[in-house]
Amino acid sequence: MWMYGVLVLLWAAIVRAQFPRVCVTPEGLRSGQCCPSPFGRAADPCGVSLRRGQCMLVRVDSRPHGPQYPHDGRDDRERWPIRFFNRTCQCSSNFSGHDCGRCRHGFSGPNCDQPVPV
């Protein structure tokens, strides 16, 4: 039985969350906005000053579920992620990440404009 306890503790230590830590604050959850700055600046959501991205409304699929889905209206995964956040970063060009602070796969450099040779 103690081995199960050790496994649970190990699993809990390595699990990663769905939401960026900077967004899961009381204020972030109240506002429904997850648009952090990649440089920690309060007035620069998503790195908009450097044209990395901008804070946009999240659009979700509004088509109805099929008859095989019995949890309509009771599941947090429905209309994901607007159950928690209705505004997130939409990154421009070759930037990516929750705050547009990383380069898209296959690119590097300070402006994410240098292709990575394979």
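Everything below is about the structure printed above this text.
Please read these numbers as outputs of a predicted model, since none were measured by experiment.

Here the structure, examined in full by the defined rule, presents two salt bridges. With a shortest N-O distance of 3.8 Å, Arg 30 and Glu 27 are connected by a salt bridge. Here Glu 27 and Arg 30 lie together in helix H2 (residues 26-31), a separation of three residues that amounts to about one turn. Residue Arg 30 is classed as exposed on the basis of its relative accessible area, which comes to 63%. Between Asp 44 and Arg 41 there is a salt bridge whose closest N-O contact spans 3.6 Å. The exposure class assigned to Asp 44 is buried, which follows from its relative accessible area of 3%.

The next thing to look at is the state of the cysteines. Here the structure, examined in full by the defined rule, presents five disulfides. A sulfur-sulfur separation of 1.9 Å characterises the disulfide bridge that pairs Cys 23 with Cys 34. One disulfide, between Cys 23 and Cys 34, carries an S-S torsion of 70 degrees and so falls in the right-handed class. With Cys 23 in the loop between helix H1 (2-14) and H2 and Cys 34 in strand E1 (residues 33-34), this residue pair connects regions lying 11 residues apart in the sequence. The same class applies to Cys 23 as to Cys 34, namely buried.

Before going further, it helps to spend a moment on the environment of Met 56. Counting through the fold element by element, Met 56 comes out in strand E2 (residues 53-57). C-alpha of Met 56 to C-alpha of Cys 46: the two residues are 10 residues apart in sequence and 9.8 Å apart in space.

Let's shift gears to the pairing of strand E3 (residues 87-91). Pairing analysis gives two bridges linking E1 to E3, with the strands arranged parallel. If you follow Cys 34 over to E3, its bridge partner there is Thr 88. Sheet analysis places E2 next to E3, joined by five bridges and oriented antiparallel. In the sheet register, Cys 55 faces E3, and the bridge partner there is Cys 89.

Conventions adopted
- Residues numbered from 1 in each chain as written.
- Predicted model: local features only at pLDDT ≥ 70, side-chain atom pairs only at ≥ 80, totals over all residues.
- Heavy atoms only, no water.
- Salt bridge = Lys/Arg side-chain N within 4 Å of Asp/Glu carboxyl O.
- Helix = DSSP H or I, 4+ residues; strand = E, 2+ residues; numbered from the N terminus.
- Buried < 20%, exposed > 50% of the residue type's maximum accessible area, 1.4 Å probe, protein only.
- Disulfide = S-S within 2.5 Å.
- Pairing = 2+ DSSP bridges.

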